[in-house]
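Residues per chain are reported as follows:
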Amino acid sequence: PRLVLSQVAAHAQRAEALGYDGLAVPEAAHDGLLAAAMALHATTRLKVATSVLVAFPRSPMTVAHAAWDLREAFQGRFGLGLGSQVRGNIVGRYSTPWSAPVPRMREYVRALRATFDCWQHGTALRFEGTHYRLTRMQPFFNPGPLEYPSIPIFLGGIGRSMTALAGEVAEGLMTHPTNTSPRYLREVVRAELERGAARAGRAASTVRVMVSPLIATGTSREAVRAEREQARQLLAFLYSTPVYWPSLDLFGWKDRGERLPQLSREQRWQEMPSLVSDDMLDAVVPTAPYPEIAGVLEEWYGTLSDWIAFPMPADPAHDRDVAAVVARLRQGKGGQTR
C-alpha cells in the first residue's frame, strides 16, 4: 500500500534498522523534497535521494535552495534525483509549458551547478541558456558554503537520449522498472552512458547506476506468484504509455505495447495484463523466494549496477527475511541496497 506522508519517518527508520544503505524517495502522491526531509530527520545513517523529483515545474533556484539546505542539515546524506516526466503530466497536471526534455534537462543541471558554485566558492552567478537564466544572487539570499558541498545529481532515464545525458552531466542514472533487464542494461544503458560521457570528456565508469526492477519475491512460492501477477498488472499500465517502450523495441515486443493505449483509452483495464506475457516477465522481473532472490539479483545485476532498489515488505513479519537479503546483497557484487 502507498504510504501517507505521516508514515515516511517510521518507514525510513525501519529501512535503516534492516540494514539498507539508502532510501529512494519517489514523487507521486507527495512532494519528494518534503518526504526526503522527513526521512532524513528520522534517521542517522541512511542516505536519502529523490527518485525522482519532477524538475521542470520547479525553478532550478528553488530546487538548489532545498537541496543545499537538506545537504547541510543532514551532514551530506541527501542526493538529488531529477526526472523530466511525460508531456501529459507536465502540461495537464503541473500546468507547465512543454519543450524537448533532454536539452532542457542539460540546462537545468548546469544551472544547479552554477548556483552551487556561486554559493560554495563565491563566483558570480552567470548562467544564461535557452530555457533558464540565473544572473542575480545578492548576499542576503546566498546561504554560503557547506561542509558537504558535492551534492550528487542523478537523472531518471528511460530513453537513449536521456540516458546519454546522465553520462554527460550527472553523477548517476536511476533506471525505471521498464528498462532494468540485464540485456537492456548491457546493450543500451552502458552504450549510451559511454556516448554521453565521451561528449563531456569523462570516463563512463564514474557514472553510477541504480537499478529499480519490479521484484517478485516472498516467503513462499504462492506469495512469489502473487507478486509476479502484480508486476504483470503494473507493467501493463506502464507499457500503455509509449515513452516506456524502449525495452519493448529491443526485445521485439513493440506490437504488444501498441495495443495497450487503445485498451487504456477504452478503460478495458482487465484485458490489459494479458498482453504482458510470461516471457516478458521472465526478462524484466527478477523472481524467487526470499532465500534465493539475492542470488538472482547478483546474477542479473552484479556487474551492471552500483545500487539495487529492493522493496521493503508491507508486512513487518517478513523483516528478518528482508534483512538477510539486504546483508547478502551488501556483501556481493550488486552494490549498495536502497
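In this report, the structure presented in the accompanying data block is examined. (Residues numbered from 1 in each chain as written. Predicted model: local features only at pLDDT ≥ 70, side-chain atom pairs only at ≥ 80, totals over all residues. Heavy atoms only, no water.)

This part takes up the overall build of the protein chain. In terms of helices and strands, the protein chain carries 13 helices and 11 strands. Computed over its C-alpha atoms, the radius of gyration of the protein chain comes to 20 Å, within 12% of the 20 Å expected for a compact globule of 338 residues. Overall, the C-alpha framework of the protein chain stretches about 60 × 45 × 40 Å when taken along its three principal axes. A total of 338 residues make up the protein chain; the buried ones form 53% of that total. Put simply, 71% of the contacts in the protein chain that link residues at least 6 apart link residues at least 24 apart. Taken as a whole, the protein chain presents about 15,500 Å² of accessible surface, with 51% of it coming from carbon and sulfur. The positive charge centre, built from 38 side chains, and the negative charge centre, built from 33, are 4 Å apart in the protein chain. (Helix = DSSP H or I, 4+ residues; strand = E, 2+ residues; numbered from the N terminus. Rg over C-alpha atoms; globule rule 2.2 N^0.38 Å. Buried < 20%, exposed > 50% of the residue type's maximum accessible area, 1.4 Å probe, protein only. Contact = heavy atoms within 4.5 Å. Areas by Shrake-Rupley, 256 points an atom, 1.4 Å probe, with all protein chains shown as cover. Lys, Arg positive; Asp, Glu negative; His and termini not counted. Charge placed at Lys NZ, Arg CZ, Asp CG, Glu CD.)

Within the secondary structure, Ala314 is located in the loop between strand E10 (307–308) and helix H13 (319–331). The sequence separation of Ala314 and Glu266 amounts to 48 residues, and the corresponding C-alpha distance is 32 Å.

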